[in-house]
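# Residue-level structure breakdown
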There are 2 protein chains.
Amino acid sequence: MIFFSSIYLGYICFMGVLRKTKSVKLLLSEFEKQSTAISAITLIERLQSKMNKTTIYRVLEKLEDDGFLHSFLGKNGYKWYAKCTNCSSAEHHDVHPHFQCTDCGKVDCLSKDALIPNIPNRKVDVSRVVLQGKCEDCFT
Amino acid sequence: MIFFSSIYLGYICFMGVLRKTKSVKLLLSEFEKQSTAISAITLIERLQSKMNKTTIYRVLEKLEDDGFLHSFLGKNGYKWYAKCTNCSSAEHHDVHPHFQCTDCGKVDCLSKDALIPNIPNRKVDVSRVVLQGKCEDCFT
DNA sequence: TAATTAACGCAACCAAGTTGCAATAAATAT
DNA sequence: ATATTTATTGCAACTTGGTTGCGTTAATTA
Ligand SMILES: [Mn+2]
Ligand SMILES: [Mn+2]
Ligand SMILES: [Zn+2]
Ligand SMILES: [Zn+2]
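The rules behind each value
Sequence positions are assigned chain by chain, starting from 1 and proceeding in written order. Here the convention is simple: chains get letters from A, ligands get numbers from 1, in the order in which they are written. Only residues with pLDDT of at least 70 get local features here, since the model is predicted, and only at 80 or more are side-chain atom pairs given and counted; chain-wide, interface and lining totals rely on the full set of residues. Hydrogens and water molecules were not included; the side-chain quantities draw on all heavy atoms of the structure. Under the DSSP-based scheme used, a helix requires at least four consecutive residues in state H or I and a strand at least two consecutive residues in state E, with every element numbered from the N terminus. Whether two residues are in contact is decided by their heavy atoms: any pair within 4.5 Å suffices. Residue-level accessible areas treat just the shown protein chains as cover; the underlying method is Shrake-Rupley with a 1.4 Å probe. Two parts placed together each lose some accessible area under a 1.4 Å probe, and the buried area is that loss summed for both. Polar contact is defined as a pair of N or O atoms within 3.5 Å, subject to the rule that within protein one atom must be able to donate a hydrogen and the other to accept it, and that residues adjacent in sequence are counted only when both atoms are side-chain atoms.

When its secondary structure is counted, chain A shows 4 helices and 8 strands. What you see in chain A, going N to C, is helices and strands ordered as β-β-α-β-α-α-β-β-β-β-β-α. Of the contacts made within chain A by residues no fewer than 6 positions apart, 43% connect residues no fewer than 24 positions apart. Summing over all exposed atoms, chain A offers an accessible surface of approximately 8100 Å²; the carbon and sulfur share of this is 51%.

On to the interface of chain B and chain A. Chain B puts 31 residues into the contact, and the matching count from chain A is 31 residues. When the two sides are added together, the surface that chain B and chain A hide from each other amounts to roughly 2700 Å², 59% of it contributed by carbon and sulfur. On inspection of chain B and its partner chain A, the count reaches 2 residue pairs in polar contact (both at pLDDT 80 or more). Going through the elements one at a time, β8 (123–134) and α4 (136–139) of chain B are the ones with two or more residues in the side of chain B that touches chain A. A total of 12 residues in the side of chain B that touches chain A trace back to one element, the largest contributor, which is β8 of chain B.

Now for the side chain of S23 of chain B. Note on placement: S23 of chain B falls in helix α1 (residues 22–33). For S23 of chain B, the contacting residues outside a window of four places in its chain are M51, T55 and V59 of chain B.

Below, the structure is given as structure tokens:
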């Protein structure tokens, strides 16, 4: 039997089978205090005294399913996560490029309109774009 | 003491410390008979009876250093290789997007002019673009 | 407060890619 | 042709980001 619960965490609202556990709150708070993307590896480093890495991967996956986070692969094929804007479990509509600074390692989401144009004779579904270079802070 | 040798394999010419070994010839022939990109995993599968996977990774790395192949990370963070055009050990000037078919898995290089525009306040050095969707064959 | 079951911790596992080292085989010198 | 040099190879062991199975714990509901 499936049951639904509304979970309010600050100003965020989820609909779905997601419990307001200590782990969920801890992970969410990381994305509250930081607006840029965070790699799974970094989260494991930061939270390893407070929760198991298996739990981290599992909660991240669930938060992505729920449309609160989106994921992508960074520089070395490592997994990164960042907050969604206006996504739900029904649909992720925030496919956009990401920028990683080769100096400080910071990753942020770029606006959608920096997307690749369509390719002739092919139907583009997903566009995984990772730009690398110097960010605002490290450039000047 | 360093020595130089010109190695001619078909119409391809290398300058550098690269021996015309059985392994090098085998790997090169794979890129001769196929114009699309090939993943390291696929090459290991295909050639495992003929050479060790360590050798495959090492030869691929060397061919990339020599400007004959370029590499990029595909769908699951796996390493892919494709032929360069007019690159050398001195400089790789073939940064371009890649297209992977979600149906048949084929990956090919796209033309340079499909590149991302510049981003304000940031200096873009590398642009790793992997588009996914249906290729010509699988689309129609 | 008790019952239900999603979520957790742990340990073992998986797989792509790397490393150290002794053996081998291209290329060069004689 | 043969000996010498040393880049390259095979093998086994390792590294590491991420996954899986399962018994226990704790969030939610009755
Ligand atoms: Mn993003
Ligand atoms: Mn290419
Ligand atoms: Zn930076
Ligand atoms: Zn296809």
